[in-house]
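These are the residues of each chain, in order.
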Amino acid sequence: MYLPPHDPHVDDPMRFKPLFRIHLMERKCATVECMYGHKGPHNGHIQIVKKDEFSTKCNQTDHHRMSGGRQEEFRTWLREEWGRTLEDIFHEHMQELILMKFIYTSQYDNCLTYRRIYLPPSSPDDLIQPGLFKGTYGSHGLEIVMLSFHGKKAKGTKITGDPNIPAGQQTVEIDLAHPLQLPDIENLRDFSELSRIVLEVQEQVRREEQECEQRQEGEEHSQQAASQPASPLGGGGGGGEGAEGEETAAGAEGTTQDKAPASQPFVLPMGVISRNEDYPRTCRICFYGTGLIAGHGFTSPERTPGVFVLFDDDRFGFIWLELKSFSLYSRIKVSFQNAQAPSREAFDEMLKNIQSLAT
């Protein structure tokens, strides 16, 4: 299991923790050992469920328990997971979230199911190399996000989740067709000025989507009246495979032009909370985007406006406007073998599958 570094140190390397091991014996036999817990290896079981999916089961879960009971287990988990003690965490809401995460994760120490994930395919026109990133999520700590590019959109999909937004959900979506021109450094400190700029772009995006829907409806009426298929190059795009391909080419062209602009000073507006104050003070380019927020248990999910900030090839940020919060993301530089998707279609299918599991 690959664990993120301790919050909020996103630039630190990932941590490695073995969960099970297999001893191959003679005569095609094998023994499985669970490595979870603090009492050493013990008896386990592995079952191949279907292609690209298997399950592990611990047969001796008493090896996971500690003499001091759940309280000792929680304190040990807190030191390993967060690198701190409960006394170090003064914020009551943060204590509640951490305890909730411990309860969720400890429910599954007996049986785990593993499903293959692919790394996102890359294109020379991508804004940066897609891949896996560690990100700060306020009181939830560090989480793993997969950044992938889809024409005029970039998507950040949660690989690890929390009690509010589970793994598999699209945490951020970046609109590469709508770059943001930030105000000068002094005006950038004013949150209301940044908010005004973002909300203006949000309204522009809403109008464009509405116009696109109206054009689509007009095309459908025309197709029905003519009783013949429309030209794949006609219309306003936004629906169907032909339109998506057209958008991809246009988005890639626009992105290529903006790939290496001159860096500009950057500072977080007053009142925006950041777990990591050690963020870069210059950025390359910013885009309008939306971030997914929800209550505990993924209740009342909604997409809210925000700002995607590209710092360099390995770091980006997202300002959550409604939450007045900032997430900093840093690339995971672990080399995963045999993780490339066999095709773009296979990767897109995997994204749909992990999102359906989360819902």
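Predicted, not measured: the structure shown is a model, and the values here were computed from it.

Asker: Whenever I open this one, the pairing of strand 8 (residues 131-136) confuses me. Can you help?
Answerer: In regular strands, side chains alternate between the two faces of the sheet. Here strand 8 lies mainly inside the structure; six of its six residues are buried. Note that strand 8 and strand 9 (residues 142-150) share six bridges and pair antiparallel. Counterpart to Gly 135 in the pairing with strand 9 is Glu 143. The turn linking strand 8 back onto strand 9 is made up of five residues, and Gly 138 within it adopts a positive phi angle of 55°. Two elements, strand 8 and strand 18 (residues 325-331), share three bridges in a ladder whose sense is antiparallel. By the bridge assignment for strand 18, Lys 134 is matched with Ser 330.

Asker: Would you take a moment to explain the sheet that holds strand 5 (residues 42-50) for this structure?
Answerer: To summarise the sheet geometry, strands pair through backbone hydrogen bonds and adopt either a parallel or an antiparallel arrangement. Taken in spatial order, the five strands line up as 3-4-5-6-7 in an open sheet, and their pairing is antiparallel. Pairing within the sheet leaves two strands with one partner each, and these edge strands are strand 3 (20-24) and strand 7 (111-115). Neighbouring strand axes in the sheet, compared pairwise and without regard to direction, differ in orientation by 30° on average.

Asker: Any chance you could explain the packing of helix 1 (residues 69-82) against helix 2 (residues 92-106) here in plain terms?
Answerer: The packing of two helices is summarised by the inter-axis angle and the distance between the axes. Closest axis-to-axis distance for the helix 1/helix 2 pair is 11 Å, and the angle between their directions is 105°. Taken together, the axes of helix 1 and helix 2 lie roughly perpendicular to each other. When helix 1 is examined against helix 2, the residues Arg 70, Glu 73, Phe 74, Trp 77, Leu 78, Glu 81 and Trp 82 are found in contact with a partner set consisting of Met 94, Ile 98, Leu 99, Lys 101, Phe 102, Thr 105 and Ser 106. Considering only residue class, the contact of helix 1 with helix 2 consists of eight nonpolar, two polar and four charged.

Asker: What should I look at first to understand helix 2 in this one?
Answerer: A rise of 1.5 Å per residue sets the reference length of helix 2, with its 15 residues, at 21 Å; its end C-alpha atoms lie 21 Å apart and thus fit the reference within 8%. Those residues of helix 2 that fall on the buried side of the exposure criterion are Met 94, Leu 97, Ile 98, Met 100, Lys 101, Phe 102 and Ser 106. The secondary structure elements touched by the buried residues of helix 2 are helix 1.

Asker: Would you explain a negative patch on the surface in this entry?
Answerer: A contiguous patch of negative charge on the surface is contributed by Glu 208, Glu 209, Glu 211, Glu 213, Glu 217 and Glu 220. Judged by relative accessible area, Glu 208 falls into the partly exposed class, the value being 34%.

Asker: Could you clarify how one ought to interpret the nonpolar core in this entry?
Answerer: Across soluble globular proteins, nonpolar side chains have a tendency to be buried as a group. Counting 26 residues, the largest nonpolar core has Leu 180, Phe 266, Val 307, Ile 319 and Phe 326 as the members making the most contacts within it. Looking at this core, the elements with two or more residues in it are helix 4 (191-226), strand 15 (285-295), strand 16 (299-312) and strand 18. Examining the composition of this core, we find that six residues originate from one element, helix 4, more than from any other. Look past the residues within four positions of Phe 326 in its chain and what remains in contact with it is Thr 136, Leu 268, Val 272, Ile 273, Ser 274, Tyr 279, Phe 311, Gly 317, Phe 318, Ile 319 and Trp 320. Grouped together as the second largest cluster of nonpolar side chains are 20 residues, Tyr 137, Val 145, Ala 154 and Leu 176 included.

Asker: It is not clear to me how the pattern of salt bridges should be interpreted in this structure. Could you clarify?
Answerer: Summed over all chains, the structure comprises 24 salt bridges. For Arg 315, the salt bridge goes to Asp 11, with nearest N and O atoms at 3.9 Å. Taken together, the positions of Arg 315 in strand 17 (residues 315-320) and Asp 11 in the loop between strand 1 (2-3) and strand 2 (15-16) put the pair 304 residues apart, joining distant regions of the chain. Here Asp 314 ties to Lys 333 by a salt bridge, and the two come within 3.4 Å at their closest N and O atoms. A residue pair is termed long-range when its members are at least 10 positions apart, and Asp 314 in the loop between strand 16 and strand 17 and Lys 333 in the loop between strand 18 and helix 6 (344-358) qualify at 19 residues. Assessed through its relative accessible area of 65%, Lys 333 is described here as exposed.

Asker: Honestly, the environment of Ser 327 in this entry has me stumped. Any pointers?
Answerer: The topology assignment puts Ser 327 in strand 18. Spatially, the C-alpha atom of Ser 327 lies 7.7 Å from that of Arg 275, the residues being 52 residues apart in sequence. Setting aside its immediate chain neighbours within four residues, Ser 327 contacts Thr 136, Tyr 137, Phe 316, Gly 317, Phe 318 and Trp 320. Engagement of the side chain of Ser 327 in a polar contact is seen with the side chain of Trp 320, the distance being 3.0 Å.

Asker: Hey, could you run me through unusual backbone geometry in this one?
Answerer: With the exception of glycine, the majority of residues adopt a negative phi angle, and the majority of peptide bonds are in the trans configuration. In this chain, Asp 7 is followed by Pro 8 through a cis amide linkage whose omega measures 0°. Topologically, Pro 8 is positioned in the loop between strand 1 and strand 2. The phi dihedral of Asp 52 is positive, around 65°, even though this residue is not glycine. Looking at the element boundaries, Asp 52 is found in the loop between strand 5 and strand 6 (53-58).

Asker: I'm lost on helix 1 in this one. Help?
Answerer: The periodicity of an α-helix, 3.6 residues per turn, causes residues three or four positions apart to be oriented the same way. Along its 14 residues, helix 1 runs 20 Å from first to last C-alpha, staying within 8% of the 20 Å computed at 1.5 Å per residue. The inward-facing, buried residues of helix 1 abut helix 2. In the segment just after helix 1, Gly 83 is the residue with positive phi, at about 70°.

Conventions adopted
Residues numbered from 1 in each chain as written. Predicted model: local features only at pLDDT ≥ 70, side-chain atom pairs only at ≥ 80, totals over all residues. Heavy atoms only, no water. Buried < 20%, exposed > 50% of the residue type's maximum accessible area, 1.4 Å probe, protein only. Helix = DSSP H or I, 4+ residues; strand = E, 2+ residues; numbered from the N terminus. Pairing = 2+ DSSP bridges. Axes fitted to C-alpha atoms, helices over the stretch in contact; angles between N-to-C directions. Parallel < 35°, antiparallel > 145°, perpendicular 65-115°, else oblique. Contact = heavy atoms within 4.5 Å. Nonpolar A, V, L, I, M, F, W, Y, C, P; charged D, E, K, R; others polar. Expected span 1.5 Å × (residues − 1). Patch = residues over 30% accessible without salt bridge, like charges linked within 9 Å, V, L, I, M, F, W, Y side chains within 5 Å. Areas by Shrake-Rupley, 256 points an atom, 1.4 Å probe, with all protein chains shown as cover. Salt bridge = Lys/Arg side-chain N within 4 Å of Asp/Glu carboxyl O. Lys, Arg positive; Asp, Glu negative; His and termini not counted. Charge placed at Lys NZ, Arg CZ, Asp CG, Glu CD. Core = buried A, V, L, I, M, F, W, Y, C linked by side-chain atoms within 4.5 Å. Polar contact = N/O pair within 3.5 Å; in protein donor to acceptor, adjacent residues only side chain to side chain.

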